[in-house]
Each structure stands twice: as structure tokens, then as C-alpha cells.
Amino acid sequence: MAGKSPLMSRLLRKIEVNRDTDVQVDIYVNKDTRPLPPSRRPYGPWHFVGLWMVTGSFNVGGWTTGSSLISLGLNVWQAMLAIIIAHTFVGFVCVAGGHPGAKWHIGFPIWMKQNWGIWGYLFPMAIRVFLSFVWTATNTWYGSQCLKVLLTCIWPSFLNLDGDLANGAMKVYDMVSFVLYFLLCLPLVWFSPENYKKPFMIASVTVATTVFVLLIWSTVRADGGGGLLRDPSRISGVEPATGGALGWAFVSAITANIGSIATHMWSQSDYTRYARKPGDQVLAQLVMVPLGTIIVACIGIICTSCATTIYPHEEGLLWNPYDFLDTIRRNEDNRGARAGVAFASIAFMLSQFGMVVASNLVVAGIDLAALLPRWFTVRRGGYFTIAFVFVLQPWSLLNSATNFLTVVGSFNIFLGPLMGIMFADYFLLRKTTMKLTDMYGSTPASIYWYTKGWNWRAGLAWILGVWYLIPGLAQRASEPGEIWPGWTRLYQLAWFLGCVVSGTIYLALDWVSPMPAKTEVDDLDYFGTFEERSEIEGVWVPGVAGPGGVNDAAREKEEALESVREKGDV
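Summarised in this report is the structure supplied together with it. (Residues numbered from 1 in each chain as written. Predicted model: local features only at pLDDT ≥ 70, side-chain atom pairs only at ≥ 80, totals over all residues. Heavy atoms only, no water.)

Examining the side chain of glutamine 492
Then comes step 1: With respect to the helices and strands, glutamine 492 occurs in helix H23 (residues 487-492).
Then comes step 2: When sequence neighbours within four positions are dropped, the list of residues in contact with glutamine 492 reads Trp248, Val251, Ser252 and Thr255. (Helix = DSSP H or I, 4+ residues; strand = E, 2+ residues; numbered from the N terminus. Contact = heavy atoms within 4.5 Å.)

Here it is in C-alpha cells:
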């Protein structure tokens, strides 16, 4: 095979990411893939409050969470109760998912090596990167719709660009708004996550104020909570669920709520790794995760309900905030209304910047940097990911509440089992311990090597936790109005069943074939993770020769410890 040309070699060297050389490990490590030192961990409790207000609740997706549940046959109060139950539970799961990042200051991809293996982690990471692409596209579309409302307030003639595109799924003005919002996101990707603290707080205060102003305005204009609260079936056109159907619709609502945020729960460590102290993430997530979503979702329901009274001639429920705002602009048709709608659109645009950039592009960047550290940093990974928003065509993906629930519900099937495995491994088997140096190894000497770099226990547990949920997904996608005996009910419990079944099987497989050194940790702070210092001691990974100096000293210490172990003294 012919070698690379000198020009190609020079080009590849030019675009390589600088390698961190102060640690001796046998994989390529850059500043974004190593455990973070104290100097790069600026997030305290209040910063996580701002993070969750923008990325978890006070945004377009949070607003639509409750309203879309009406399509399942629930009334307003039942939908609100489902939201409260689901997101209270989500708060505890988020704390658990963020624990490794807050304690060990590693990103989610590195954690996956612990339970899937040095090479096996590529499987969950492929799923995670794909989901980053999906949610980036989805939230960019939401942001572009808010921008469209803003542009229409400024230039009403903007709506004259009304030619059909994508087989009628959108208009020319939708595409123009999408491209413009895409371009507005690009400069924001340049900044590192450490610098997002103040933007989070500004965006959260702005959008929270806007949400409450819309609630007050809507209830005053509608003289109450609106028609949807009084007679949901007549207003929504959806037959109310009763009896056993109501119970299963309620369960589906809870599962769909978990599915809508399952990706965020799964990869919490990508942001909790920036916590100053392990406990800094706890209160913010236990309080803001459920409280923020409950408040915004309930306000979204009430405003949607009020709109049916204020604008009774509008077709369908205005469950998207940008549709609600545009309806106000069209019907009120005065300068004051246009100005108010414009400012509200800007607030939602700011929150969507948080969703697109902070919640998705940064996470995707961390994932890609871990997968290909020689070529990707967080910044490069973010730009690579946002380039795919046009490929995924979110305008076709999110064209109805039913399709939205189908999409987010399908994530439960794959993520529930993955989360069951990682929680069983980290909390029950390893007692929240990690050996960081072995996470960065690529030889059989690493305790996370397992079988040729793959932990077969995780793979088998995942398959056994997923297969029986697939028929229910097929029914939901192909015949959403039908019930397939047994399979549909399993699908409606997808996240819970997948998590418990895969987690239990994983524990059983470890009992049959125990993993080695489950609670082993490093004897030194090799990466400078817990104590800031200018020069970090060398790391000797068993099976990898050191270059000398302090690295040899680390090796000699390890060999001495091994000798003592063999004599049975420890």
C-alpha cells in the first residue's frame, strides 16, 4: 500500500490537536479528554441552576412537554400530574448520572469505558453521537421558528416568501430562518464550556420572565384558564381516555416525558465534570430539574388553553410557543403587540442557543474528542455536528405532536437498558470507584480491557433488555392507533423495564463471571485532577515502557507494591 504523500502528511500534522505530554498514557490525550484540573472547573451550585433552566426546562421543548400529552387522551390535570411524577423521578436520575463527572471530573465517554470496555465504549458512543445530531437539528429548528416570528414582527412582508419546500413540510421563509439561525449559532461554538456561566444566567432570567409574562397576559385576556381546562375533549378533538386505557395513557405520558430528557440524563457527566466540588450539582438538579419543567410545562398548557378562548377560530391547538406568539401577532396587529412578541421571540431564541450549543454541540464535541482525540476538540466536534442539521431535516421529523412522541419515546428503548447497566456497574459493583489511569490505557494491562477490549456482559445485558421492546416501537411507528397485545404495553413501560432488566442481568453476569479489580483506584493523583500543580507526575501504565525520570519512579513504586501484594502483606 502506498504511503501518504509528503503534502498529505504535512496537512494531517497541521490539523492535529496538541497532545498533552505531561502524562504518560498509551492513548492520545488532549486538554478536553483528560480529567479536568481545578482551574477548569468553575461551576458552582447556582451555575447549575442556570444550566438546567436553559437546557432542561425554560425552552421551546419544555413549553411543549405538557401540551403534547393531551394528544394521548389525558385532560389537563392528568397531564400535569404525569409531568410532576416523571420529572421528580428525572431529578434523582440526573444526580446519579452526573455523579462520576462531579466526583472524578471525567466526561461521559471516558465513563463508558468502565462498563463497556476500552473498545466496547464505541457502541454507546455511536448512539450518543447520533442522538446529539438529532437533538441539535431539532433544537435548531425550534430556534429558527422563533427567529421567523421575530423577523415577521420587524418585516411583515417576510411572509411573502411562501413558496412550498420539502413536499410542503415548510415554506421558503422557514428555510431562510433556519439558515440564519444556523449561522447565528456558529460564533457561539467557539467559546469553551467554562465560559457559559454568565450566558446561562442571562438567558435563564430572560426566558423565565417572558414565560411568566405570557402566563399573566393569557389568563387576563381569557378571563381564566381557557377552554382546554373546562372541556379538553371538545377543544382538542381527542377522545378522552377512560378505564384501563386511561391508566396506560398516563403511563405512556410518564414514559414519554422521561424519553424527552433521557439523552440529557444519560450524559450528565459531560457537564458535571466542570463542578468545583462533587456536591455542587446535587441541589440544583434535585430542585431545578423537576421544578423548572413542571412550571414551564404547566404554563405551556395554560397558555395553549387560553389561546382556544382568546382566538377560537384558530385551527388546532397552539402547543408550540412560536405558533402561539405568531397568532398573537396576527390577531392583535398593533405595534405594542408586535414589540411584545418580538421580545418574547428573542427570549426563546436565547434559550434555544443554550439547547443547541451548550446542551448538544458541546456534548457532541466532548464525545467526538474522546473518540478521535488526535483530530477533535470540543470546539471542532461542535462545528462538525452542527453541519449535519440539514441532513436530518427536522422540519419533517417534528410535524405533529404524535410524531414527536413517537420519536422521543423510541429513545427509551435504547437508553433505558444503557442506563441500567451503567448504574448497576458504577453504584452497586464498583461502589463509585474508578481507576483513572486505566481508563486511558489501550492494552490488556488495563482492568477495563475485559475480553479484547469489550465487556461482553454489558453487550449481552443490553441486547436482552432491548429485544422485547422492538415490536412495540414498530407498532407505534406503523399503526399508532392500534394495540398489539403485550408488545404495546411493554413499549409503554420501555425506559423502566429496559433499565431494570438490563441492570439486573448485568449484575447476574458479573456474579457468574466476576470482573477483575472492580474497586481498584490509583495510588496517586496522576492527572492533577484533585490538586492543582504546575507539573504532573509521570504515569506508568503496566505493559507500557516509560521514558525515564519521574515516570520510572512511578513504575518502580508500582512494582514494589506488586511485590508486597505477592507476599500477602496487603
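Let's pick the thread back up.
Points about the packing of aromatic side chains
Geometrically, a pair of aromatic rings is defined through the distance of the ring centres and the angle of the planes.
Then comes step 1: Tallied over the full model, the rule gives 31 aromatic pairs.
Then comes step 2: Arranged with centres 5.5 Å apart and planes meeting at 75 degrees, the rings of phenylalanine 376 and phenylalanine 384 form a pair that is edge-to-face.
Then comes step 3: The rings of Trp141, Phe178, Phe182, Phe390 and Trp395 are connected pair by pair, giving a single aromatic cluster.
Then comes step 4: Cation over ring: arginine 379 sits above tryptophan 190, and NZ or CZ is 3.8 Å from the ring centre. (Phe/Tyr/Trp six-rings, centres within 6.5 Å; stacked < 30°, edge-to-face > 60°. Lys NZ or Arg CZ within 6 Å of the ring centre and 35° of its normal.)

Considering helix H15 (residues 335-371)
Then comes step 1: Between its first and last C-alpha, H15 extends 52 Å over 37 residues, near the 54 Å set by a 1.5 Å rise per residue.
Then comes step 2: Along H15, the helix axis deviates most sharply at leucine 361, where the bend reaches about 30 degrees.
Then comes step 3: By the criterion of burial, H15 is predominantly enclosed, with 28 of the 37 residues buried.
Then comes step 4: N-cap assignment for H15: the residue whose side-chain oxygen lies 3.1 Å from the backbone N of glycine 336 is asparagine 334. (Expected span 1.5 Å × (residues − 1). Bend = angle between axes of the 7 residues up to and from the residue. Buried < 20%, exposed > 50% of the residue type's maximum accessible area, 1.4 Å probe, protein only. Polar contact = N/O pair within 3.5 Å; in protein donor to acceptor, adjacent residues only side chain to side chain.)

As for helix H24 (residues 494-512)
Then comes step 1: Compared with the 27 Å implied by 1.5 Å per residue over 19 residues, the 27 Å span of H24 between its first and last C-alpha is a close match.
Then comes step 2: Buried within H24 we find Ala494, Trp495, Gly498, Cys499, Ser502, Gly503, Tyr506, Leu509 and Asp510. Viewed end-on, H24 has its buried residues packed into an arc of 130 degrees, placing them on one side of the element. Of the exposed residues in H24, the ones pointing more than 90 degrees away from its buried face are Val500, Trp511 and Val512. (Arc of directions from axis to C-beta.)

Focus on the pattern of salt bridges
Then comes step 1: Evaluated as defined, the whole model comprises eleven salt bridges.
Then comes step 2: A salt bridge links aspartate 326 to arginine 330; the shortest N-O distance between them is 3.6 Å. Of the two residues, aspartate 326 and arginine 330 are both situated in helix H14 (residues 321-332); the distance of four residues between them amounts to about one turn of the helix.
Then comes step 3: Under the relative-accessibility criterion, aspartate 326 is labelled buried at 17%.
Then comes step 4: Residue classification places arginine 330 among the partly exposed positions, given a relative accessible area of 40%. (Salt bridge = Lys/Arg side-chain N within 4 Å of Asp/Glu carboxyl O.)

Don't take any of this as a statement about function, it's just geometry.
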